[in-house]
Amino acid sequence: NISGAEFPLSFDGQELSYSLEELKNALDIKIIHLTPTEIEFDLIGVDASIANALRRILLAEIPTMAIETVYMINNTGIVQDEILAHRLGLIPIMADPDFFSWKRPEDPPTDENTVVFKLLVNCTRNLNASPDETDPNKLYIDSSVFSSQLIWDPKGDQATRFADRPIKPIHDDILITKLRPGQTINCEMHCQKGVGKDHAKFSPVATASYRLLPEIQILQDITGDDAELFRKCFPPGVVEIVNEGGVRKAKVVNARKDTVSREVLRHKEFEGKVRLTRVRDHFIFNVESTGAITPEVLVSKALDVLIEKCNISKDALAKAVKSDMSDE
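The rules behind each value
- Residues numbered from 1 in each chain as written.
- Predicted model: local features only at pLDDT ≥ 70, side-chain atom pairs only at ≥ 80, totals over all residues.
- Heavy atoms only, no water.
- Helix = DSSP H or I, 4+ residues; strand = E, 2+ residues; numbered from the N terminus.
- Buried < 20%, exposed > 50% of the residue type's maximum accessible area, 1.4 Å probe, protein only.
- Polar contact = N/O pair within 3.5 Å; in protein donor to acceptor, adjacent residues only side chain to side chain.
- Contact = heavy atoms within 4.5 Å.
- Pairing = 2+ DSSP bridges.
- Axes fitted to C-alpha atoms, helices over the stretch in contact; angles between N-to-C directions.
- Phe/Tyr/Trp six-rings, centres within 6.5 Å; stacked < 30°, edge-to-face > 60°.
- Salt bridge = Lys/Arg side-chain N within 4 Å of Asp/Glu carboxyl O.

J.: Tell me what's going on with the side chain of Gln-158, and back it up with residues and numbers.
T.: As for its placement among the helices and strands, Gln-158 is situated in helix H5 (residues 158-161). What makes Gln-158 buried here is its relative accessible area of 0%. Here the side chain of Gln-158 touches Thr-114 through a polar contact of 2.8 Å, landing on its backbone oxygen. Ignoring any residue separated from it by four or fewer positions in sequence, one finds Gln-158 in contact with Phe-100, Asp-111, Thr-114, Val-115, Trp-152 and Asp-153.

J.: Kindly report on unusual backbone geometry, identifying the contributing residues and their values.
T.: The phi torsion at Asp-142 lies on the positive side, around 65 degrees, for a residue other than glycine. Its place among the elements puts Asp-142 in the loop between strand E7 (140-141) and strand E8 (144-146). Overall, the relative accessible area of 34% leaves Asp-142 in the partly exposed class. Positioned with a positive phi, Val-260 is a non-glycine residue whose angle comes to about 55 degrees. Here Val-260 lies in the loop between strand E15 (247-252) and strand E16 (274-289).

J.: A description of the environment of Ala-316 should follow, citing residues and the corresponding values.
T.: With respect to the secondary-structure elements, Ala-316 resides in helix H7 (residues 295-327). For the pair Ala-316 and Ile-218, spaced 98 residues apart in sequence, the C-alpha to C-alpha distance is 49 Å.

J.: Which residues make up the sheet that holds strand E12 (residues 184-194), and what are the values?
T.: Spatial ordering of the open sheet is given by E3-E12-E5-E9, a layout of four strands whose pairing is antiparallel. Of all the strands in the sheet, just strand E3 (64-75) and strand E9 (151-152) have a single pairing partner and so form its edges. As paired elements, strand E5 (residues 115-122) and E9 share two bridges and run antiparallel to each other. Directly across from Phe-117, in E9, lies its bridge partner Trp-152. Across the sheet, helix H3 (residues 81-89) lies against E3, E5 and E12, angled at about 150 degrees from E3, the strand it touches most.

J.: I'd like a rundown of the packing of aromatic side chains, residues and numbers included.
T.: Summed over the entire model, instances satisfying the criterion amount to seven aromatic pairs. Ring plane angle 5 degrees and centroid distance 5.0 Å describe the contact between Phe-41 and Phe-285, whose orientation is recorded as stacked. Of this pair, Phe-41 sits in strand E2 (residues 38-44) while Phe-285 sits in strand E16, placing them 244 residues apart in sequence. Summarising the burial analysis for this pair, Phe-41 and Phe-285 share the class buried.

J.: Summarise the sheet that holds E16; cite the residues concerned and give the values.
T.: Read across the sheet, four strands follow the order E1-E2-E16-E13 without closing on themselves; strand pairing throughout is antiparallel. The sheet is open, and its two edges are formed by strand E1 (28-34) and strand E13 (205-218), each paired on a single side. Neighbour-to-neighbour, the strand axes of this sheet turn through a mean angle of 30 degrees, independent of strand direction. Examined bridge by bridge, E2 and E16 share seven bridges and lie antiparallel to one another. From the neighbouring strand, Glu-40 faces E16, where its bridge partner is Asn-286. Across the sheet, helix H2 (residues 48-60) lies against E2, E13 and E16, angled at about 155 degrees from E13, the strand it touches most.

J.: Run through the pattern of salt bridges, naming residues and quoting values.
T.: Throughout the structure, instances matching the rule amount to 17 salt bridges. Where Asp-98 meets Lys-301, a salt bridge forms, and the shortest distance between an N and an O atom there is 3.1 Å. Here the residue Asp-98 occupies a position in the loop between strand E4 (93-94) and E5, and Lys-301 occupies one in helix H7, the gap between them amounting to 203 residues. You can call Lys-301 partly exposed: its relative accessible area is 21%. As a salt-bridge pair, Lys-249 and Asp-221 come within 3.4 Å of each other at their nearest N and O atoms. Taken together, the positions of Lys-249 in strand E15 and Asp-221 in the loop between E13 and helix H6 (224-232) put the pair 28 residues apart, joining distant regions of the chain. One salt-bridge network, in which partners are shared between bridges, spans Asp-111, Glu-112, Asp-157 and Arg-161.

Printed below as a string of structure tokens:
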């Protein structure tokens, strides 16, 4: 439920009226895990509507470069032109969108708004293959067309501007199509700047999701054999057995590892002894980048877009209030 709940009595016994000072004190972002393509972080102290806005911005409003137009010169392979162009468009391109301008439909392609790739592949027989060979990869040359065969054709001063980080497909092993002897693909591709809400190929993330932090409340001590059964009801690392005063007792040590299977509720031994809930303002985010933009930069850009949206809303509200006052 992503609707706001920051108003009095939305939950029994809780005063939830909005307070900017309380938001500042409660707001926190903790990076849990970071790799070149993935980030896991905790967003704490905000309403679900804010967390969902951040997720939607990551998916749809951060620009990247992608193949927008394919000029098919020759295609005698089995995959039709339209399907081939679609597959080419979905190949992630390593090109920093900050160095390119937006291209309107009426604008001509230039080195400031367009990146050009060329693809020329001819499939032939491998004359050195064994007569009884059956593997197409050994029997033919260029029978499989991969993203590594897209050749960047720099325009203007692009070769100089991107000398340190040449533009290319992010992954070299993406299979585009397959050919057989005598079949040819010859085309030119134009990459442009775009956002995910226009087409999924521009989305900078493979996945962007969040979940609420699980909370496991032990209402009564669970000891002995019941403690061992209780531990097995959760994924490894969630519950451990501790010894307190010579008594083996179940203790929750890491609730974030819980998959919320609710397996524990099937056992009558734990009826009334455990409560499974979620921390309402603690969101665990998982973001996987396609590789065009590093994940930590993606989150930073998404926050910038969210700030810009807030400023636009503030300006519009201020104008509306000013207009109402002038009418009076």
